Amino acid sequence: MSSWLGGIGSGLGQSLGQVGGSLSSFTGQISTFTKDMLLEGVEEVGDAATELQVSNTKLADIEASFSSQKSEYDRLRKLHAELEEKLEAAEIQIKGQSTEYRTLLQQKDVEISHLKARQSGLQEEVQNLHQSAQSSSVGPAMLPVTTSSSTTTSSSVSSYMSRPSGSHQGFQGDDMDLSDVIWSQQEINRLSTEVMRLEAEVAHWRRMSQASTAAASGNGDQGDILKLQRTIKELREEMSREVDEHQHELAALQDAQRQKMADITRRHREELAEYEERIEELEEQNQSGAGPATSPSDASKLPELQKTISSLQEEADQREKQLAELSASLEEAQTKQASLQLEKDEAQEENTGLLENYTRLQDSVTELQTRVQEQEGKSLQKAQLDHEIQALKQNLAAAEKEIEGLKSLAEDEPKEEVEHADILELNTIIGTLRQEKEVLEQEKLNLQEKLKMAEEQKVSNNEAESCDSESLEDLQAELERREKALRNTEEERDTLMSELEELDRQNQEATQHMISVKEQLSGQLREAEAELTGLTAELNTTKDQKRALEQELETEKEKASQSAFTLNDLHMGKQELERTVKEVKDKLGHAQEQRREARREITELKKAFQEREEQLSAARAELGQAGERRTDIEGTEEKIAGKERELSELRRELDEMRSSQEKALSEDYELKMENRRLKAESEQAAGKAEDQTKQMKEGQAALNRTVREKDTRIEALKLEKSQLEAELEQTERTLAEQGKQFQQTIEELTRARSMDASALQTDHERAIKLNQEKDMEIAQLKRDVEQLASDHRDTNEMLSITVAGQKQLTDLLQEKDVFMDTLKQNASDLQKEMENSILVVTKEADSLKQALEEKDRQLGGMKEENSHLKEEIDRIRDQQSRPQSLSEPRTLDIITELETEITQLKSSRNGREEEVQTLRRTMEELQASLLLSQQSLQAQQTELEQAHARHQQTTLNYDRLIHARDEEISCLQQTVDQLSEGRVRDSPPVQGDVILQEEKTQTLNQEYGNEKHDLSKVEIERLVRGIKEKETEISLLNEKNLSLTRQLDQLAVSRDEVGKLSQMILQKDLEIQALHARLSMVGGGGHSQDVMFLQQQLQAYAVEREQVLAVLNEKARENSQLRSDYHRLMDIMSGKEAALLKLQQENQRLSNMSDPSGSQEMFKETIQNLSRIIREKDIEIDALTQKCQTLVAVLQSSGGEPGGGSGGVSSNQFEELLQERDTLKQQVKKMEEWKQQVITTVKNMQHESAQLQEELIKLQGQVSADSDCSSKLSVDYAGLIHSYEQKERRLGGLSQELAQVQQTITQLSTTKDVLLGKLDSVGQTPEVVAAQASGASLRADAPSHQTSPTANNENHREEVVQLRIQLAEKENIIKTLQENNHRLSNSASATESEQRGQAEETRLVREKLEALQRSVREKDLLIKTKGDQLGHVSESLRNRENDNEVLKQAVTNLKERALILEMDSRKLKEENELVASRSREKESEFRALQETNMQVSLLLREKEFELSAVSEKSATVERMLKDKEQGKSGELNQLLNELKSMQEKAFAFQHERDQVMMALKQKQMETTAVQTELQHVRDKEQRLNLELERLRNHLLDIEDSYTREAVAAEDRETELRRRVAQLDEKLATSSSAVENASQQASMQVESLQEQLTGVVKQRDEALIHLRTSQEQVNQYAVSLSNLQMVLEQFQQEEKAMYSAELDRLKKEKDEWKRKALRLEDQASALQINLDEANAALESASRLTDQLDLKEEQLDELKKQVEVRQEMLEEAQRKLMTLLNSTEGKIDKVLMRNLFLGYFHTPKTKRADVLRLMGSVLGLSREDVDKMLEEDGRHGVTGWMSNLLGGRGAQSVPNTPQRPTSGQGLDSSFSGMFVKFLETESTPSLPAAKLAAHDMKALSAPPQRRTGGAASSAAAGAAQHGKRPGESNPFLAPRSAAVPLLAGSSSGGSGGHLLMKPISHDLPTFTPVPVSESSGGAVLKDLLKQ
């Protein structure tokens, strides 16, 4: 094939060389001929003979040249024919090469598109980076961009950047940016590199082509290569040129844009200046041009002026519209108060727009006037105007172009952030320029139109110059009037504008006024509220002061009158103080609500203190008055001294209270510190919770809520602390001030001795009341204690319930763990199944490939058999159809054969398509199964996640429950401690327990808050164990608390309970021992060993925690990396899917290619060629048959001669020869057909080889993708190793953090020592605290803040009234107190002995309590250690949960990998199937070709034998012919020549066969190469699978290493536990130190007992003093009874005053409240009024305008009404006169006409006339009918003679006759009557119009047009006619309708209106004059009635 093509190519080259040579010679001859022809004219010959000679020579030359040219032409024609043949061969070769090159180009295009896509992605990333860089550096953002650009374009970019940045300021609206320029430069560079690369590829392919076709087609390919090189050079040059042009264009565009913008702005300003100058000139011309007279040229102005007037009218209309719009905008502005400012701006913009429009309209008017004036006398100015218009057009076009350029630039150049304002300015400038451009265009168009009109009308106006001067003046006057109207409109607009501005100003003022009013109202409200609060505060302060004074008076009276009772009071005070201390502690522990109440009480106390001071001053004044009255009472000085002592005691008690308050504050501070710590810990917990994954979001939300609540509480506590500190400072100040005040009061009390007795009595009564209140409080407290006990029981029940719930939780967790294990097993099973399935798939793929190869072989065999069968069929058909048959049937047979072949091919194609569809179906089924498996996997994953989420939720819920239970337990412990303190009077060491308990609960809360709720199975079990232990501890503590409360109650009841207490203590000891035993069970070994072990465990846990966290981080990183790998693999899979789709499309294309248009065209061409060849062969056969016949005839003729025997033999031989020749021809024909078939098969093979090459390339791409995947996996593995190393480093950091944790443990031990020291200090001062608390209880009631002593008189009066009431009460109290004193004095002696016994009991109880407290502390410490252990256990649980999550992630990753592998295996299967199918096809084709080859070789051998036989026969024939007839040698020679030609053809066919065999061998080589490549691809796939297996094994190894690390972490956990045990030993040593401290506390208790004995002695002394004071009290009682009478009177008076005053104050308060409400209502009402006022203001302006219009309309209407009323009255008068005058009268003329008409009518119609006359005379129709019947009987003459009485003859000549009447109407009466009525009814003057209400006054129908009135009249007439009883309208008086028709005529000349007077009971109608057309018809209708 290559040699054949090479031969064609060389032949082409030679022929082309010959052509070139011949052409050059031909062109040379032409040039010589032209030269000769040109020189012919130059030669001048004189003689004719010489001329003849010259012409002869020339003719000879021409003939010679012609002959040479003819020969050249013949040669060229032959060459042309040869070249055409070679061209066809070359075209066949080129087609084959072009198909190859096309495939290569397609591949390159695909590669280029891929590269472009990649490059676009990279460019987008680069652009994003640039944008981020620009956003980071706003101003100099352009500089770093240039650095990123390539070095190739650095010079251009730098030159571009060298320009100042200001160059951009004119072009901010453009979208072209520096980054775009750089990008374009980069694009250019990229394209240049792409060109270089393509050139390299071209060179490579060129080399390949040269190597393939170097020997054959050297010349043609070199030419192509040269052409390609030239095109490449040109392309390069064009590229460089385009790059340079692009850069130059950019720079030029920017410069041009700047210049254009500057030019546009300059031109705009110049045009504006010119327009202003023109306006000024026109105004001057208008002013000056009004004076001079009109010239003859003024006539031309008329149309122009008319136009200007019309335009002015239009402008006026526009102005009116604009005014209407302005009024509408005003109304809108008035209605919309809220958006006033915006509307103002809009109105201003509208106004500016209107002003611009107005100025433009003025400009246009003035320009029109100037143009008109210029056109009037100056024709030159027309040309100038045209020139200006053209210039304007050009300018506008230029402006439009510039604007478009700006727009395009705006679309190209980007917007920088810095230049945003400039962009906006440019946009506004462009917008204004556009508007001005549009306005100028409109003006230009108007001017053009007006100029055209003026030019047209100029000719006509020249004729009508003379007559138009007046109209010109009128038009000028109209112009002036319109100008005035314009000015008026302008003024109105200005006024409206000013009104708008005023309205805006008023609006602003109104809004400001509203704001000020609002501010005033709010201020007034605030003042009112402040006054109200002040009043309430004053009331409260007065009340509190009263109470304080009363208490002070009570204490003074008690100490003065009952000195014996003071000891009991002290005891009671102590008890009360202890209770108050307990209450304070409850409040501190319980919370913010009580603190808020305390704050409120403190504020109220301050106010009360002020009021009390005022009351004191008032009371002092009253006491002074009373002292003046009662000066005779003595002995009060001693009482005052006693009171002074009591005051000093009060101060001491106050100091004690202060100290106790400080202690309470310190406790509060400690609580706050703990709260802060809790806050910090909660923030840490929140931070940790934020690091959790998305699965922990619910837990995060809960934690955040708790943290927020804690934050709010802590902040509230901080605020309370600051307030309490401030209040403490204030109380200290007030106490200092109170000391001074008390001194003053003592001095004042010395003055007021006389009043003391009554005051003491009232104080005594008050004290009794207080006692009763305290008893009530004690009872309430007891009830509270009972409630607490019940709550305690409830909490126990709740705890038991929670324990049950926790058990359920543990069961659930165990189930979840089992589920997790099963899931793991399932995952491993799935993985194994996946691996097995992959192996099976690979085996199947191999088997399919083998089957494919086998099928390909079978296909080749089948094809060979097929071709063999075809040839046999052809042979059989040819044998059947002999050469005698004609040419046409043969062609038909061939065509039918071809058609059958086509059908067979189509059927085979359909079979292939069906196979393809089945393959597709299998592929779809496989994909569906894959999807189903993916869905199932996803469902399993979702189930796993849901289970995990539920697990986490349950753990969260239970953690919350445990947290809540811990808090409840801490609260219960606090309440128990407080109860124990209440029962045992001095047990301050419990505070330490409370603190410890709170610390414990807080630490537990912290630990629970910090938990990450991700627990694995083992950790959950441990947690459950810890929870159970804690629950047992809680139950023990609850039992202990209950027993303590019972013990305390028993201690309070009697001494016998001491034994029970000892038993309880023993029980507690046993419980403690049990707890110790349990601890030892948990930790293993003794207590100290447990502590050590736990410490070790703690440290190990910390280390393990760090390691586990590191492992977790590594796992998380691995997870992220695996996810990225998964996404990458998914991308690869998507790429493979795309490749699969492409393969499917290729298959589709190939299936379509079996019958596309190209192949059909090929078939058509082959059929045509075959038909042409067959026709030629048939012609040759016909010729040969003729020759044979002639030869047969010759032989027969020769056989007829003598020697017939031999002649017969020769003739037979000749016939055999002829038959053999025919057979040879048939075989040759078959060979030709076979050759065509072989060519087609070769072409098909070429196509298929190209497709195989494409497939090979695709497979190579897939292999490269797989290799990329493997490289990525190796990279990922390296990353994993790197991350593992990083995590090892992190472990080192975590070990350092462990050391820090140990330091924090040492700090905690120091804090423990500090707390123990605090306990010691608390133990030392129990007695002092009690004393201070008693003082504090008294001082709590004292005032806490000092105000000015001045107060109102009203307050004094109220206080006096209240004091009187209190005096009366206190007298009663004193009586009861005296009785109580007697009883108490008796009981005092008994209580003393009891108290001594109780002291001993209390001492014993204290010792036992101390022992109990020690045990409680130890238990608290144990609980703390257990809590720490629990925390560590929870941490370990979290770590296990993290491991669990990591395992889950690993499982999911494995599943994903398995899925990916499945997808890969399926895709490989599909690809294998495709390859197998193709290989099968190829094998079948190859087999068919081999069979055909074999058949061809056999046929060739047969043909060779046949040819040898034919040659022998032909030799014999030649000999016979030579022997027989030498004369006929010519014909035989021809036959021999034909035989030779046939032999040559056979040789040619052999040569072609060799070539075909060579091509077949090449194809076989190609197929073997394809198969080797396929094998290579399969090997690569196996290698990739092995790599995957290796990676999977590696992952498993990594997971094993992680499990080993987890085991090591468990070992570290054991070490931590050992460390915890060591810590427990340390705690035991610290507990011994606590015991020492408790011993010291017991020593302090003994010292306190000694102090108590001293206090008892003081009490005895006080009893003695009490007895003496009782005697004094008895004396004072007598004087008190006297004072009481006087006081009662005073009290009654003051009561009345105070009550009145109180009522008045209450009323005032209510009034103030009402005023405040009223003010608020007024404010709201004012707001509403303001809004209404604004609305009214807005509507007022409208209403005023409307009212003015309405008033004018009303005035006009009133005038019209008056006129109409006068007209109506006149009409009514005339009507009445006419009715009166014409009642019952008939017109003579009418009757005359009727009478004459009777005689003129024919006799047949006279009855109608008589009926009409009867109806006119008012007779009924029945009477007329009767008369007519009588007339029919008697005759008319008699009736008429009687009627007329002989006057008939005279009336005949009077009938009005017309010449045309007889002709038109047959001289009938009815026709004549109609004519008469028509003439009579026409009015002489036009009818006067009346208003609608005037017509209605006449009871007429509504006003309509004449047509409508006529029709209504006709209708009315018809009605009248139809009703026989009604009056006829013709009988109406004539003058009745006169005022309706003509105002002047009242009768006479007007027409006859035959109307009766208008009746009220019938429908009336206005008689209207009837037209000639309608009137006749109406009257005809009337006559018909």
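Every value quoted in this text rests on a predicted model; they were computed, and no experiment measured them.

(A) A look at the overall build of the chain. Along the chain, the regular secondary structure elements total 37 helices and 0 strands. Across the 1985 residues of the chain, 39% fall into the buried class. Only carbon and sulfur atoms are counted for the fraction: they give 55% of the accessible area of the chain, which is about 111,000 Å².

(B) Representation of the packing of aromatic side chains in the model. Applying the stated rule across the entire model yields 2 aromatic pairs. Between the aromatic rings of Phe-1795 and Phe-1799, the centroid separation amounts to 5.1 Å while the plane-to-plane angle is 70°, which identifies the pairing as edge-to-face. Separated by 4 residues within a single helix, Phe-1795 and Phe-1799 lie in helix 27 (residues 1788–1800), roughly one turn from each other. Of the residues examined, Phe-1799 reaches a relative accessible area of 38% and is grouped as partly exposed.

(C) How the structure looks around helix 27. Taking 1.5 Å per residue, 13 residues should reach 18 Å; helix 27 reaches 18 Å between its end C-alpha atoms and fits that length. Residues of helix 27 that are buried: Leu-1790, Asn-1793, Leu-1794, Phe-1795, Leu-1796, Gly-1797 and Tyr-1798.

(D) Highlighting the pattern of salt bridges. Within this structure, the stated rule accounts for 55 salt bridges. Ionic pairing is found between Arg-1704 and Glu-1701, a salt bridge with its closest N-O pair at 2.2 Å. With Arg-1704 and Glu-1701 both in helix 26 (residues 1529–1781) and 3 residues apart, the pair spans about one turn of that helix. The structure contains a network of salt bridges with shared partners spanning Lys-108, Glu-111, Glu-194, Arg-197 and Glu-201.

(E) Here's a closer look at a nonpolar patch on the surface. Nonpolar side chains collect at one region of the surface, where Leu-1817, Leu-1819 and Met-1827 lie side by side and expose about 250 Å² of accessible area between them. Take Leu-1819: it is sitting in the loop between helix 28 (1806–1817) and helix 29 (1821–1834). Residue Leu-1819 is classed as partly exposed on the basis of its relative accessible area of 40%.

(F) Fine view of helix 28. With 12 residues, helix 28 extends 16 Å between its outermost C-alpha atoms, agreeing within 8% with the 16 Å of an ideal straight helix rising 1.5 Å per residue. Those residues of helix 28 that fall on the buried side of the exposure criterion are Arg-1806, Val-1809, Leu-1810, Leu-1812, Met-1813, Gly-1814 and Val-1816. Following helix 28 by one or two positions, Gly-1818 has its phi on the positive side, about 90°.

(G) Main features of the packing of helix 27 against helix 28. At their nearest, the axes of helix 27 and helix 28 sit 9 Å apart, and the two run at 165° to each other. Overall, the two elements helix 27 and helix 28 adopt an arrangement that is roughly antiparallel. Here helix 27 runs over helix 28; the crossing is left-handed. For the pair helix 27 and helix 28, the contacting residues are Leu-1790, Met-1791, Leu-1794, Phe-1795, Gly-1797, Tyr-1798 and Phe-1799 in the first and Arg-1806, Val-1809, Leu-1810, Leu-1812, Met-1813, Val-1816 and Leu-1817 in the second.

(H) How the structure looks around the environment of Ile-225. When you line up the elements, Ile-225 lands in helix 6 (residues 218–289). Here Ile-225 falls in the buried class, since its relative accessible area comes to 10%. A C-alpha to C-alpha distance of 7.4 Å links Ile-225 and Arg-206, two positions 19 residues apart in sequence. Those residues within four positions of Ile-225 in sequence are excluded, and the remaining contacts are Arg-206 and Gln-210.

(I) Region of interest: the side chain of His-764. Among the structural elements, His-764 can be located in helix 16 (residues 756–880). At 3.2 Å, the side chain of His-764 forms a polar contact with the backbone oxygen of Ile-1374.

(J) Inspection of the environment of Leu-1421 at higher detail. Within the secondary structure layout, Leu-1421 lies in helix 25 (residues 1353–1524). A sequence separation of 203 residues divides Leu-1421 from Asp-1624, and the C-alpha atoms of the two residues are 9.3 Å apart. Setting aside chain neighbours within four positions, we find Leu-1421 in contact with Lys-1312 and Leu-1627.

(K) A look at a negative patch on the surface. Side chains of Glu-499, Glu-501, Glu-502, Asp-1745, Asp-1748, Glu-1751, Glu-1752, Asp-1755 and Glu-1756 sit close together on the surface and give a patch of like negative charge. Contributions of two or more residues to the negative patch are made by helix 11 (468–561) and helix 26. Tallying contributions element by element places helix 26 first for the negative patch, with 6 residues. Take Asp-1748: it is sitting in helix 26. Owing to a relative accessible area of 40%, Asp-1748 belongs among the partly exposed residues under this scheme.

(L) Geometry of the environment of Lys-1513. Tracing the backbone shows Lys-1513 in helix 25. Relative accessible area serves as the criterion here: at 32%, Lys-1513 is assigned to the partly exposed category. Measuring from C-alpha to C-alpha, the distance between Lys-1513 and Glu-1220 comes to 9.0 Å, with 293 residues separating the pair along the chain. The contact partners of Lys-1513, leaving out residues within four places of it in the chain, are Leu-1217 and Glu-1220.

Rules used throughout
The numbering scheme is per chain: residues are counted from 1 as the chain's sequence reads. In view of the model being predicted, local features appear only for residues whose pLDDT reaches at least 70, and side-chain atom pairs are presented and counted only at 80 or more, with totals across whole chains, interfaces and linings using the full set of residues. Where side-chain values are given, they derive from all heavy atoms of the structure, hydrogens and water being excluded. Strands are runs of DSSP state E lasting at least two residues, helices are runs of H or I lasting at least four, and both sets are numbered from the N terminus onward. Each residue's exposure class comes from its accessible area (1.4 Å probe, protein chains only) as a fraction of the maximum for that residue type: buried when under 20%, exposed when over 50%, partly exposed otherwise. Every accessible area reported is derived by Shrake-Rupley at a probe size of 1.4 Å, with residue values counting cover from the shown protein chains alone. Only Phe, Tyr and Trp rings take part, Trp by its six-membered ring, and two of them pair if their centres are within 6.5 Å. Stacked means planes under 30 degrees apart, edge-to-face means over 60, and tilted covers everything else. Helix span, expected: 1.5 Å multiplied by one less than the number of residues in the helix. Every case where a carboxyl oxygen of Asp or Glu lies within 4 Å of a side-chain nitrogen of Lys or Arg is listed as a salt bridge. Residues enter patches when they are more than 30% accessible in relative terms and free of salt bridges; like-charged ones are connected within 9 Å and nonpolar ones (Val, Leu, Ile, Met, Phe, Trp, Tyr) within 5 Å. Working convention: axes come from line fits to C-alpha atoms, limited for helices to the stretch in contact. Angles between N-to-C directions cover 0 to 180 degrees. Oblique is the label for every angle not falling under 35 degrees (roughly parallel), over 145 degrees (roughly antiparallel), or within 65 to 115 degrees (roughly perpendicular). Each crossing gets its handedness from the near helix: less than a right angle anticlockwise from the far helix is left-handed, clockwise is right-handed. The contact criterion used throughout is that any non-hydrogen atoms of two residues lie within 4.5 Å. By the criterion applied in these results, polar contacts are pairs of N or O atoms within 3.5 Å in which, for protein atoms, one can donate a hydrogen and the other can accept it, and in which residues neighboring in sequence qualify only through two side-chain atoms. Charged residues are defined narrowly, with Lys and Arg counted positive, Asp and Glu counted negative, and His plus the chain ends left uncounted. The atom standing in for a charge is NZ when the residue is Lys, CZ when it is Arg, CG when it is Asp and CD when it is Glu.

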